[in-house]
Amino acid sequence: MMFKPKMQAFLAVFCMLMLMVSACGSKPDASAGQQAPAAAASSDEILSKIAKTKTLTVGTDATFKPFEYKSGDQFEGFDIDLIRAVAKELGVDKVEFVDTEFKGLIPGLQAKKFDLIVSAMYITDERKKTIEFSDSYFPGGLSIMVKKDNETIKGLDDLTEKKAAVQIGTKSVKFVEESRKNIELVKVEKNTEMFLELETGKVDAVITGFPAAKAYAKEKGTVKVLPQTLTEEYYGYGIRKDNLEFVKAVNDAVKKVKDSGKHNEIVKKWFE
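Given the structure is predicted, the values throughout are model-derived calculations rather than measurements.

## So, the overall build of the protein
Part 1 of the reasoning: Across its full length, the protein carries 11 helices and 15 strands.
Part 2 of the reasoning: Of all 272 residues assigned to the protein, the portion counted as buried reaches 43%.

## Describing the pattern of salt bridges
Opposite charge on two side chains makes pairing possible when the charged atoms of those side chains draw close.
Part 1 of the reasoning: The full count for this structure, using the stated rule, is 19 salt bridges.
Part 2 of the reasoning: Glu189 is the partner of Lys103 in a salt bridge, and the nearest nitrogen-oxygen pair spans 3.0 Å. Pair noted here: Lys103 is in the loop between β5 (94-99) and α5 (105-110) and Glu189 is in the loop between β11 (184-188) and α8 (191-199), with a separation of 86 residues, a long-range link.
Part 3 of the reasoning: Connected through salt bridges with shared partners, the residues Glu126, Lys129, Lys174 and Glu178 form a single ionic network.

## Here's the deal with helix α7 (residues 171-179)
Part 1 of the reasoning: For α7, the full list of buried residues reads Ser172, Val173, Phe175 and Val176.
Part 2 of the reasoning: Close packing links the buried residues of α7 with β9 (142-147), β10 (163-167), β11 and β12 (205-209).

## A short note on the sheet that holds strand β4 (residues 74-76)
Part 1 of the reasoning: The strand order across the open sheet formed by three strands is β2-β3-β4, and the pairing between neighbours is antiparallel. The outermost strands of the open sheet, each flanked by one partner alone, are β2 (63-64) and β4.
Part 2 of the reasoning: Where β2 and strand β3 (residues 68-71) come together, two bridges link them in antiparallel fashion. What sits directly across from Phe64, in β3, is Glu68.

## Regarding the confidence of the model for the protein
Part 1 of the reasoning: Taken over all residues, the pLDDT of the protein has a mean of 87, while the share at 70 or more is 85%.
Part 2 of the reasoning: Here residues 1-42 is modelled with pLDDT under 50, and outside its nearest four sequence neighbours on either side it reaches three contacts, counting other chains as well.

## Re the packing of aromatic side chains
Part 1 of the reasoning: Using the criterion set out here, one finds 16 aromatic pairs in the structure.
Part 2 of the reasoning: Residues Phe67 and Phe138 carry aromatic rings whose centres are separated by 6.3 Å and whose planes lie at 70 degrees to one another, so their mutual orientation is edge-to-face. Highlighted residues: Phe67 in the loop between β2 and β3 and Phe138 in strand β8 (residues 138-140), separated in sequence by 71 residues.
Part 3 of the reasoning: Looking at Phe67, the relative accessible area reads 0%, which means it is buried.

## Some remarks on the side chain of Thr170
Part 1 of the reasoning: Take Thr170: it is sitting in the loop between β10 and α7.
Part 2 of the reasoning: Of the residues examined, Thr170 reaches a relative accessible area of 17% and is grouped as buried.
Part 3 of the reasoning: Once residues lying within four places of it in the same chain are set aside, the contact partners of Thr170 are Phe102 and Arg127.

## Concerning the sheet that holds β12
Part 1 of the reasoning: In spatial order, the strands read β11-β10-β12-β9-β13; together these five strands make up an open sheet with mixed pairing. The open sheet terminates on both sides in strands that have one partner only, identified here as β11 and β13 (223-225). Averaged over all pairs of adjacent strands, the angle between their axes in this sheet comes to 30 degrees, without regard to strand direction.
Part 2 of the reasoning: Note that β10 and β11 share five bridges and pair parallel. Pairing of Val166 across the sheet is with Lys187, part of β11.
Part 3 of the reasoning: On the sheet, α7 packs against β9, β10, β11 and β12 and is oriented at approximately 165 degrees with respect to β11.
Part 4 of the reasoning: α8 rests against β9, β10, β11, β12 and β13 of the sheet, and its axis sits at about 150 degrees to β12.

## Details of unusual backbone geometry
Leaving glycine out, the prevailing phi sign among residues is negative, and the prevailing peptide bond configuration is trans.
Part 1 of the reasoning: In this structure, Pro66 follows Lys65 across a cis peptide bond, with omega equal to 0 degrees.
Part 2 of the reasoning: As for its placement among the helices and strands, Pro66 is situated in the loop between β2 and β3.
Part 3 of the reasoning: Even without being glycine, Ala120 reaches a positive phi, approximately 45 degrees.
Part 4 of the reasoning: Structurally, the position occupied by Ala120 is in the loop between β6 (116-117) and α6 (125-128).
Part 5 of the reasoning: Its identity as a non-glycine residue notwithstanding, Glu161 has a phi of 65 degrees, on the positive side.

## Quick notes on the side chain of Asn150
Part 1 of the reasoning: Among the secondary structure elements, Asn150 is positioned in the loop between β9 and β10.
Part 2 of the reasoning: Among the polar contacts made by the side chain of Asn150, one reaches the main-chain amide nitrogen of Thr152 at a distance of 2.9 Å.
Part 3 of the reasoning: If sequence neighbours within four positions are ignored, Asn150 has contacts with Asp204 and Lys224.

## Some details on the environment of Thr130
Part 1 of the reasoning: Turning to its location among the elements, Thr130 is positioned in the loop between α6 and β7 (132-133).
Part 2 of the reasoning: Along the backbone, Thr130 and Arg240 are 110 residues apart, and their C-alpha atoms lie at a distance of 8.0 Å.
Part 3 of the reasoning: Filtering out sequence-adjacent residues up to four positions away, Thr130 remains in contact with Ile106, Gln110 and Lys241.

The rules behind these values
- Residues numbered from 1 in each chain as written.
- Predicted model: local features only at pLDDT ≥ 70, side-chain atom pairs only at ≥ 80, totals over all residues.
- Heavy atoms only, no water.
- Helix = DSSP H or I, 4+ residues; strand = E, 2+ residues; numbered from the N terminus.
- Buried < 20%, exposed > 50% of the residue type's maximum accessible area, 1.4 Å probe, protein only.
- Salt bridge = Lys/Arg side-chain N within 4 Å of Asp/Glu carboxyl O.
- Contact = heavy atoms within 4.5 Å.
- Pairing = 2+ DSSP bridges.
- pLDDT = per-residue confidence, 0-100.
- Phe/Tyr/Trp six-rings, centres within 6.5 Å; stacked < 30°, edge-to-face > 60°.
- Axes fitted to C-alpha atoms, helices over the stretch in contact; angles between N-to-C directions.
- Polar contact = N/O pair within 3.5 Å; in protein donor to acceptor, adjacent residues only side chain to side chain.

What follows is the structure, given as structure tokens:
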């Protein structure tokens, strides 16, 4: 079929327009490719680190049996076993522990010395002002520990005008200061010092977390823990406020560990 010159010119222009539309249609694919690096750059800092290094850095005060303590150079305890199981679900091959005094854990986290806090830390409104917390991974509560032969102290009221040892930076300090002005607090840096104060008769009681107190009493046999807890508390992992994606990932990992039965296995190992 023969086309007239005008028709040939029209067809040539039409073909050129189609080529231009086709070229424009290819631009979104190119721009989509350019957006990928930006999306990667906005991902959570700790999750990016884990993806690259397969390592998680953990801050802990390793003086609180049976939650965290050191045997030689090795870190052991309930918290240690559990965070390793949680880390595995996060795709971590190696967990590095940074032994830090309890009062320095939150400042250390904020200074990015570690990725999260794992140290039998209670979730409190006061701490939530500066850091985020994971969902609770274990229940706790404050308790009173006395010498095994002590029959005069049966509750908090019996500590009036008496001495009680507490660890600096823990919930015990604030709880007693706000609820009982007539108890003389002996504040110590380390958990081990707190128990030693009681063993040597320098204080009448220790106020600390119930699970750890029960484990210590069982191990030593020289002290006892009063059955009624003073508070209802929950332990959580401390995480920086700018790592909300990491918080969600940790919560998902904790749930997987619980659902798998591994959590119960670790609880039985350390508390039953």
